[in-house]
Every structure is written in structure tokens, then in C-alpha cells.
Amino acid sequence: MAFRVGSFYTPPVSVMPPIPFTSAAAPATARAELAATLRLAAPLVGANLLQMAVYAVDVVFVARLGEVELAAATLGVYIYGVILFALSGLIGAAAPIIAAELGQRRHAVREVRRSFRMAMWIAVLGSVPFMIAMSHGQAMLLATGQDATVAARADAFLDILLWALIPALTGTVMRITAAALGRPGWAMAITALGLGVSIFANWLLVFGNLGFPAWGLEGSAIASLSTSIAMTAAYAIVLIGDRRLRRFRLFGRWWRHEWSRLRQIVVLGLPIAATMTFEGALFSAAGFLMGRIGVTEVAAHAIALQIAAFLFQVPFGIAQAATIRVGMAYGAGDRQWMARAGWSALAVGTGFMVVTATLLWAFPRAFVGVYVDTGAQANAAMVALAVQYLAIAALFQLFDGAQAVAAGVLRGVQDTRVPMVIALVGYWAIGFATSVLLGFWTPMGGIGIWIGLALGLLVVAVLLVDRWRRRERLGLVGVR
């Protein structure tokens, strides 16, 4: 989920100092590959969890401003989040490409720099039309039937937040590049910095502490913008200053175009963006379905989904690591390494979700109690529903972890188009259709909607894992 100025002289590749590509060496055993995957995944998981905390900070501060301001911020962030999620998928194609270039080794410094530069171009140029769209947020929200007062406040919020799109996306490019080049720990450190900036900026600007004006909702938007800028600046400093990373001179000749590389990223990235959008839109649509049943169902759904989303950050981080590890093996043309990297990641991701599924099944009220008082009579109906939804989420976790990691390993071999079709069919033709059928044509209600979500994830997980299993027969792992 995640979010330069000047040029640097870049000498010819032939006179550059040798780059120690130790991270691109094939591990001798499955245990060694598992260890390498965990070393890469751990800080990425930590960064994902911290990013969830950054989002939570905004909610905590804005919630104190009242229902209208909270609703406006929620709708505004939804528009911004969908756009950021899709564009992050597009530029995320740089990760398997860079990993393959490292695995291939030949001219890796030059090729990595080209991929980084074109991904940065896409992040900036791709943001512009969506920023223009966000500036018409009020019209979009009114067209969907939202309250006029809320739509007006959301518009003011989006007019500020739209400027965070470019720094958030360029920061994402820097993050995935640093991770692919063997420095994933910076992602966790910089996201921790972003959490601190978010807390402090919201405290200053929402309620007007230390002599600052109390800007309320607009102050929260400025805090989000400040957080994105601070994190992006920190990544730039790291890419320039880190001893391993600065050897790539990633900001060198930033004005030079590489149209073939840009096209490669777009062709590979568009299906990733579509896949991520299909999945994200499914859960958003489930929320709207819950709204047609009742307010209590919406609240219970929101709590259960928040718990599931928090736990999902672990397999999501493992999937990010798997893309890099499999991508290196793909670039090296080492089929045995590809198999070890892919199956190791799948074992770790699904293994973790077995643990979380067991905990959700055994202690659902404890998880719900993190968000609401489970002993309060006023919350009794909502808590009862949330506990029922979490029972389904226990199975949901297994499928969600498997499909996330399977998608990651397939991206490592640059297979994105068929997984996109699988996601569309599994999430919408099967998952959403089942949610509607069981939610509104049977007495199940909200439980039926969650069964539909779980079924959609199950179908996608089975098909993606099977595609990885049949990678040789499908010709996905041919030597580059």
C-alpha cells in the first residue's frame, strides 16, 4: 500500500567502480533462500504496518472535528486512495524489471538507472490528469448522491491533498528501488519518520498548537502533504548518500528519455494497476452493499475489514519481497532459483496466515475490543456481527495471503496480464456476484456478503498458485 532536483554527473559505465551484486547471487539451498526472503520481507512488512499507522493518525485527529468533517475526509481519502493505489501498481512494475536487471548483471548499473528514471517520469506525468480530476471532487461526489455539505468540505480537503500525489508516487519509486538494490531497511525507517511527521503536523495544524492557526480539516490535508514531502525528501537523501545506492547515480541525466523502457514499465504495470484496482474496488463495493442492509452492518464490516487489512500487511510485504527475489532469478535465467524463491515466499506467506486465522477463530472478541468497548450494551449488536464476520475472515486470511504472494511471484517472472483476468473473474464475476446473491437473496445478509468475498479470494488464490505451479509448461520462465 505506500508514498530531486538537479543533475549529477554520470561517468561512462566502463569507468564506474565495480558494484558488489551479492544480493543477486543464487542461494545454494532452500533454507538459504528462505532466509534471504525473510531478510528482505521483514523491513517491508514493518514499513507496511507503519503506513497503516500513518493513515490511522489522520482518522484519530479528524474524528474529533465532528461527523461532517470525518465524512468529508473519508470520502476525500477514498478518492485519493483509489488513484494512489492504481498508480502505485503502475509504477510498481519497476520492481521486477530492476530485479531482473540485477539478476542478469550485464550492464546492470546503467539499466537500473534507466528503469528508475522512467518510473519517476511515469509517477510525475501520470499524476497530472488525476490531480486535475481531484480538483473537481465536489462535482464527483455530488454525482454519486453525497450530501452537499459533506461534498463541499471534501472538495476543500482534496484541493490540498491532490498536491501529495506526486511526492507520494515518486517516494514509492524510490522505496521499491532501494529495496530491490538490497536496502529494504530504509523503507521501515523512513515510514517511521513519516509517522512522526504526521502526528506532529496534525497536532500543530488541526487544532492550532504552538501558535499555529487551527485549520481543522484543511490542516489535516496539509499534514498529509507535509508527510509525503518529508518521506520523499528522506528517500532522495538516502539514494544519494547510502554507500551502496549512490553508486548507481540514480538521479543522473534525469532529463534523458528512454521510450522503450518507459513502454516496458507501462505494458507490465497497467495489468498490475488494474488487478490492484479490481481488488480494492471489491472491498469498497462490499461496504456499499453493507450500507443497503443497515448502519450496524456497516460499522461491524468496517471493524472486521480493518482487522483483516492490518493482518494482510504481512503477506503483502512478503509478496513485495517475492517479486524481487523471483525477479533476480528470472533475470539470471536460473529456473531452480526461481522455484526456490517462489515456493519459499508462498510457504512463509500462507504459514503466517494460518497463525492469524487460528487467532481470529479463537479470540475474535479480543480483536474487536481493540476498536470498541465489547462490554457496552450499545455496541452489543455491532460486536456480535463483527465476531461473525471475523469467523469468516479466519478462512479469508488463508486465501488472501496465498493470492497476494502468488501474484507477487508471478510478477517476478513479469507475468501480469493473465493474473489481471483471473482477478477480474475471481473478484467480480464470482466474489461480488456471490456477495449480492447471498446478501440480498437469502437471509444471510452481511454474512453472505463476507462469504462472497472469501469465495472470490479463494478462486483467485487457487488459480494463481496453479499458474505458478505450471510456469514451466506455460513458458513463463524462459531464459532471458
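Residues numbered from 1 in each chain as written. Predicted model: local features only at pLDDT ≥ 70, side-chain atom pairs only at ≥ 80, totals over all residues. Heavy atoms only, no water.

## What about the overall build of the protein?
Reasoning step 1: Looking only at helices and strands, the protein has 17 helices and zero strands in total.
Reasoning step 2: Expected size for 480 residues packed as a compact globule is a radius of gyration near 23 Å; at 22 Å, the protein falls within 12% of this value.
Reasoning step 3: The principal-axis extent of the C-alpha atoms belonging to the protein is close to 70 × 55 × 35 Å.
Reasoning step 4: Per-residue burial over the protein gives 54% buried out of 480 residues. (Helix = DSSP H or I, 4+ residues; strand = E, 2+ residues; numbered from the N terminus. Rg over C-alpha atoms; globule rule 2.2 N^0.38 Å. Buried < 20%, exposed > 50% of the residue type's maximum accessible area, 1.4 Å probe, protein only.)

## A short note on the packing of aromatic side chains
Reasoning step 1: In the structure shown here, the tally under the stated rule is 10 aromatic pairs.
Reasoning step 2: Judged by centre distance (5.9 Å) and plane angle (75 degrees), the rings of Trp121 and Trp259 are edge-to-face. Of this pair, Trp121 sits in helix 4 (residues 108-134) while Trp259 sits in helix 10 (residues 259-293), placing them 138 residues apart in sequence.
Reasoning step 3: By relative accessible area, which is 16% here, Trp121 ends up buried. (Phe/Tyr/Trp six-rings, centres within 6.5 Å; stacked < 30°, edge-to-face > 60°.)

## Quick look at a nonpolar patch on the surface
Reasoning step 1: On the surface, Phe200, Trp203, Leu210 and Phe212 cluster together into a nonpolar patch covering about 430 Å² of accessible area.
Reasoning step 2: Relative to the elements of secondary structure, Phe200 occurs in helix 8 (residues 185-205). (Patch = residues over 30% accessible without salt bridge, like charges linked within 9 Å, V, L, I, M, F, W, Y side chains within 5 Å. Areas by Shrake-Rupley, 256 points an atom, 1.4 Å probe, with all protein chains shown as cover. Salt bridge = Lys/Arg side-chain N within 4 Å of Asp/Glu carboxyl O.)

## Here's the deal with the pattern of salt bridges
Reasoning step 1: All chains considered together, the criterion is met by 14 salt bridges.
Reasoning step 2: Of the charged contacts, one joins Glu101 and Arg261 as a salt bridge, the two residues approaching to 2.9 Å between their closest N and O atoms. With Glu101 in helix 3 (residues 94-104) and Arg261 in helix 10, this pair connects stretches of sequence that are 160 residues apart. Across the pair, Arg261 and Glu101 agree in class, each one buried.
Reasoning step 3: For Arg467, the salt bridge identified is with Asp415, shortest N-O distance 2.6 Å. With a gap of 52 residues between them, Arg467 in helix 16 (residues 446-469) and Asp415 in the loop between helix 14 (380-412) and helix 15 (417-440) connect regions that are remote in the sequence.
Reasoning step 4: What makes Asp415 buried here is its relative accessible area of 8%.

## Structural notes on the packing of helix 11 (residues 295-332) against helix 12 (residues 335-362)
Reasoning step 1: At their nearest, the axes of helix 11 and helix 12 sit 8 Å apart, and the two run at 175 degrees to each other. Accordingly, the angle class assigned to the pair helix 11 and helix 12 is roughly antiparallel. (Axes fitted to C-alpha atoms, helices over the stretch in contact; angles between N-to-C directions. Parallel < 35°, antiparallel > 145°, perpendicular 65-115°, else oblique.)

## Details of unusual backbone geometry
Reasoning step 1: The phi dihedral of Arg249 is positive, around 45 degrees, even though this residue is not glycine.
Reasoning step 2: Tracing the sequence through the fold places Arg249 in the loop between helix 9 (216-241) and helix 10.

## Notes on the side chain of Thr37
Reasoning step 1: Here Thr37 lies in helix 1 (residues 30-63).
Reasoning step 2: Residues in contact with Thr37, not counting those within four places in the same chain, are Ala321, Arg325 and Ala345. (Contact = heavy atoms within 4.5 Å.)

## Quick word on helix 8
Reasoning step 1: With 21 residues, helix 8 should cover 30 Å at 1.5 Å per step; its first-to-last C-alpha distance of 30 Å lies within 8% of that length.
Reasoning step 2: Looking at the buried side of helix 8, the elements it contacts are helix 1, helix 7 (165-180) and helix 9. (Expected span 1.5 Å × (residues − 1).)

## Here we look at the environment of Met276
Reasoning step 1: As for its position among the elements, Met276 is in helix 10.
Reasoning step 2: Given the relative accessible area of 12%, Met276 is considered buried.
Reasoning step 3: As a C-alpha pair, Met276 and Ala86 span 190 residues in sequence and 6.4 Å in three-dimensional space.
Reasoning step 4: Ignoring any residue separated from it by four or fewer positions in sequence, one finds Met276 in contact with Phe85, Gly89 and Arg411.

## Regarding the nonpolar core
Burial of nonpolar side chains together is a common tendency in soluble globular proteins.
Reasoning step 1: Counting 137 residues, the largest nonpolar core has Leu165 and Trp450 as the members making the most contacts within it.
Reasoning step 2: Ranked by residues supplied to this core, first place goes to helix 14 with 17 residues.
Reasoning step 3: Residues contacting Trp450, with those up to four places away along its chain left out, are Met290, His301, Ala304, Leu305, Tyr389, Ile392, Ala393 and Phe396.
Reasoning step 4: Counting five residues, the second largest nonpolar core, distinct from the first, contains Val54, Val57, Phe61 and Val206. (Core = buried A, V, L, I, M, F, W, Y, C linked by side-chain atoms within 4.5 Å.)

## What to know about the packing of helix 8 against helix 9
Reasoning step 1: Look at helix 8 against helix 9: their axes get within 8 Å of each other, and the N-to-C directions meet at 155 degrees. With respect to each other, helix 8 and helix 9 are oriented roughly antiparallel. The hand of the helix 8/helix 9 crossing is right-handed. For the pair formed by helix 8 and helix 9, the contact residues are Trp186, Ala187, Ile190, Thr191, Leu193, Gly194, Val197, Ser198, Ala201, Asn202 and Leu205 on the first element and Gly216, Gly219, Ser220, Ile222, Ala223, Ser226, Thr227, Ala230, Met231, Ala234, Tyr235 and Val238 on the second. (Left-handed = near helix turned anticlockwise from the far one by under 90°.)

## Structural notes on the confidence of the model for the protein
Reasoning step 1: With 93% of its residues at a pLDDT of at least 70, the protein reaches an overall mean of 86.
Reasoning step 2: Every residue in residues 1-23 scores below 50 in pLDDT, and together they form 54 contacts with partners more than four places removed in sequence or on other chains. (pLDDT = per-residue confidence, 0-100.)

## Observations regarding the side chain of Thr170
Reasoning step 1: If you trace the backbone, Thr170 turns up in helix 7.
Reasoning step 2: Here Ile166 takes part through its backbone oxygen, which lies 2.9 Å from a polar atom of the side chain of Thr170.
Reasoning step 3: Contacts of Thr170, omitting those with residues within four sequence positions, involve Met120, Ala123, Val124 and Thr232. (Polar contact = N/O pair within 3.5 Å; in protein donor to acceptor, adjacent residues only side chain to side chain.)

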